[in-house]
Amino acid sequence: MHLYVHVPFCRSKCSYCGFVSYPYDRDQVEAYLQALTEEIRILGKMWQRPKASTLFVGGGTPSLLTSVELERILRAIRDNFSVEPGWECTLEGNPESMGSLDYLGQLRSLGVNRVSLGLQSLDNKSLTFLNRRHSGEQGIEACRLAREAGFENLSVDLLWSVPGQDLERWLFELKTLADLGIRHMSCYALSVEPGTVLEELDGSGDVFWPSEEEQARMYLQGRRLLWEKGLKQYEISNFAAEGFVCRHNMGYWLGRDYLGFGPAAVSNVGTRRWKNPEGLRDYLQAQAGDRGCPGDEKAGFKERVNELLMLRLRTTQGLPLKEYLELTGRDLRLENRLLIRDLERKGLITCPEGRLCLTPEGMLVSDSLITRFFE
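Residues numbered from 1 in each chain as written. Predicted model: local features only at pLDDT ≥ 70, side-chain atom pairs only at ≥ 80, totals over all residues. Heavy atoms only, no water.

Overview of the overall build of the chain
Part 1 of the reasoning: Helix and strand counts for the chain stand at 16 helices and 17 strands.
Part 2 of the reasoning: For the chain, whose C-alpha radius of gyration is 21 Å, the value lies close to the compact-globule estimate of 21 Å for 375 residues.
Part 3 of the reasoning: For the chain, the C-alpha atoms occupy an extent of roughly 60 × 50 × 45 Å along the three principal directions.
Part 4 of the reasoning: Split into buried and exposed, the 375 residues of the chain put 53% on the buried side.
Part 5 of the reasoning: A separation of at least 24 residues holds for 69% of the contacts in the chain among residues at least 6 apart in sequence.
Part 6 of the reasoning: In the structure as shown, the chain presents an accessible area of about 17,300 Å², 49% of it carried by carbon and sulfur atoms.
Part 7 of the reasoning: Of the charged side chains in the chain, 46 are positive and 52 negative; the average position of the first set lies 5 Å away from that of the second. (Helix = DSSP H or I, 4+ residues; strand = E, 2+ residues; numbered from the N terminus. Rg over C-alpha atoms; globule rule 2.2 N^0.38 Å. Buried < 20%, exposed > 50% of the residue type's maximum accessible area, 1.4 Å probe, protein only. Contact = heavy atoms within 4.5 Å. Areas by Shrake-Rupley, 256 points an atom, 1.4 Å probe, with all protein chains shown as cover. Lys, Arg positive; Asp, Glu negative; His and termini not counted. Charge placed at Lys NZ, Arg CZ, Asp CG, Glu CD.)

Next up, the structure:
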């Protein structure tokens, strides 16, 4: 089983961020930790202390928590779940709150063995546009310190197709980080999320995005550069050196069971799923009422089929056609032979060894392409 903890606190809101987060407040942090550790206890008991193969502490900005506060979370996990030897334990953080060798050393002593740094960019103009609190120089220094502290398993998040960004700048950022020895990169296309500052800016007509052709070049040439640097693509947005694939995220894409803790966290165990209240106050009240699994629902057959398509086709391994046949009793290639033939001719999919896989060009239009199989 995979475990996720959502830490919903941030110093400020990034212009593009659509995730659930709240202003950092000491009193709220304490109330949150009390509710969180109680939720961990309840669900650990409910599922009879299951084995945990990964933990991902995300946010928000988890690195705002002190090592003592993080220790409370990790102790609650170990007290209520059976942690597998050699498990993957990831903490997300931002350069400005994780730029201390002492803090990074404390994380290692707690058992954190993987760090994911939210760099987003190395370009200071882009960082200002995104309303990030760190500079490109701080981002590079945070990577260096994490490596010095012993975090060989270090990942960075980056954004491409940022207004004002071009292909040359994007390739420079990827090369700079690859040459620093970063073993994992998550590279996401900047998108406009509802209710964000970026949505307002975009609606004003004052935001000038790279052209579709330039964005395609960023994705495809960026992928090629990372491949040459030894970071192979294993999912639409993720690249890793051998042995450094994120086991936690692969669990999602392969349909494994997971439990989420904290505001807005989602859980899926078998065909049961639920989502915690998004509001911090609502979440605290729910845990005080010992409600267990709020909004528990059962995934329907059609939903499970669509999720199988959507999640597997995100990965470079693709969708095993046998797995689809076992779930549905239907032959995907036979039922969609005309669509598949057309997409193969256009170079958007391949069917190697009993699998259906998107090509790099297909991954560029993955959302619209995958929904054609839903139909």
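Topic: the layout of surface pockets
Part 1 of the reasoning: There is about 460 Å³ of room inside the second largest pocket.
Part 2 of the reasoning: Taken together, 16 residues line the second largest pocket, and the ones lying closest to its centre are Trp160, Ala189, Met363, Leu364 and Asp367.
Part 3 of the reasoning: For the lining of the second largest pocket, the secondary-structure elements that each account for two or more residues are strand 8 (184–189), helix 8 (212–228), helix 15 (360–364) and helix 16 (366–374).
Part 4 of the reasoning: Examining the composition of the lining of the second largest pocket, we find that four residues originate from one element, helix 8, more than from any other.
Part 5 of the reasoning: Residue classes in the lining of the second largest pocket are distributed as 10 nonpolar, three polar and three charged. (1 Å grid on protein atoms, 1.4 Å probe; cavity = no way out; pocket = protein on both sides within 12 Å on 5 of 7 lines; lining within 4 Å. Points joined across faces, edges and corners; volume = space filled by probe spheres on them. Nonpolar A, V, L, I, M, F, W, Y, C, P; charged D, E, K, R; others polar.)

Examining the packing of helix 11 (residues 301–312) against helix 12 (residues 321–328)
Part 1 of the reasoning: Following both chains from N to C, one finds helix 11 and helix 12 inclined at 175°, their axes separated by 11 Å at the closest point. Here helix 11 lies roughly antiparallel to helix 12, going by the angle between them. On helix 12, the residues touching Phe301, Arg304, Val305, Leu308, Leu309 and Arg312 of helix 11 are Glu323, Tyr324, Leu327 and Thr328.
Part 2 of the reasoning: Its residues assigned to classes, the contact of helix 11 with helix 12 shows six nonpolar, one polar and three charged. (Axes fitted to C-alpha atoms, helices over the stretch in contact; angles between N-to-C directions. Parallel < 35°, antiparallel > 145°, perpendicular 65-115°, else oblique.)

Quick word on the side chain of Thr359
Part 1 of the reasoning: With respect to the helices, strands and loops of the structure, Thr359 is situated in the loop between strand 17 (355–358) and helix 15.
Part 2 of the reasoning: Judged by its relative accessible area of 10%, Thr359 falls in the buried class.
Part 3 of the reasoning: What Thr359 contacts, discounting residues up to four positions off in sequence, is Gly347, Leu348, Ile349 and Thr350.

What about the pairing of strand 6 (residues 114–120)?
Part 1 of the reasoning: The buried fraction of strand 6 is high, at seven of seven residues.
Part 2 of the reasoning: Of the two faces of strand 6, the one holding Arg114, Ser116, Gly118 and Gln120 and the one holding Val115, Leu117 and Leu119 are both buried throughout.
Part 3 of the reasoning: Here four bridges tie strand 5 (residues 82–93) to strand 6, and the two strands are oriented parallel to one another. Among the inter-strand pairings, Glu92 is bridged to a residue of strand 6, identified as Ser116.
Part 4 of the reasoning: Pairing analysis gives five bridges linking strand 6 to strand 7 (residues 154–160), with the strands arranged parallel. Within strand 7, the position partnered with Gln120 by the bridge is Leu158. (Pairing = 2+ DSSP bridges.)

Details of the pattern of salt bridges
Part 1 of the reasoning: Scanning the model with the defined rule gives 19 salt bridges in all.
Part 2 of the reasoning: The shortest N-O distance in the salt bridge between Asp179 and Lys175 comes to 2.8 Å. Taken as a pair, Asp179 and Lys175 lie in helix 6 (residues 167–179) at a separation of four residues, close to a single helical turn.
Part 3 of the reasoning: Assessed through its relative accessible area of 46%, Asp179 is described here as partly exposed.
Part 4 of the reasoning: Note on Lys175: relative accessible area 40%, which makes it partly exposed.
Part 5 of the reasoning: Between Glu214 and Arg217 there is a salt bridge; the shortest N-O distance is 2.8 Å. Of this pair, Glu214 and Arg217 are both found in helix 8, three residues apart, which corresponds to roughly one turn of the helix. (Salt bridge = Lys/Arg side-chain N within 4 Å of Asp/Glu carboxyl O.)

A few points about the pairing of strand 4 (residues 51–59)
Part 1 of the reasoning: Where burial is concerned, most of strand 4 is hidden: eight out of the nine residues are buried.
Part 2 of the reasoning: Across six bridges, strand 1 (residues 2–7) lies against strand 4 in parallel orientation. Opposite Val7, over in strand 4, you have Gly59 as the bridge partner.
Part 3 of the reasoning: Remark: the strand 4/helix 2 (residues 67–80)/strand 5 crossover connection has right-handed handedness. (Right-handed = clockwise from strand over helix to strand, strands pointing away.)

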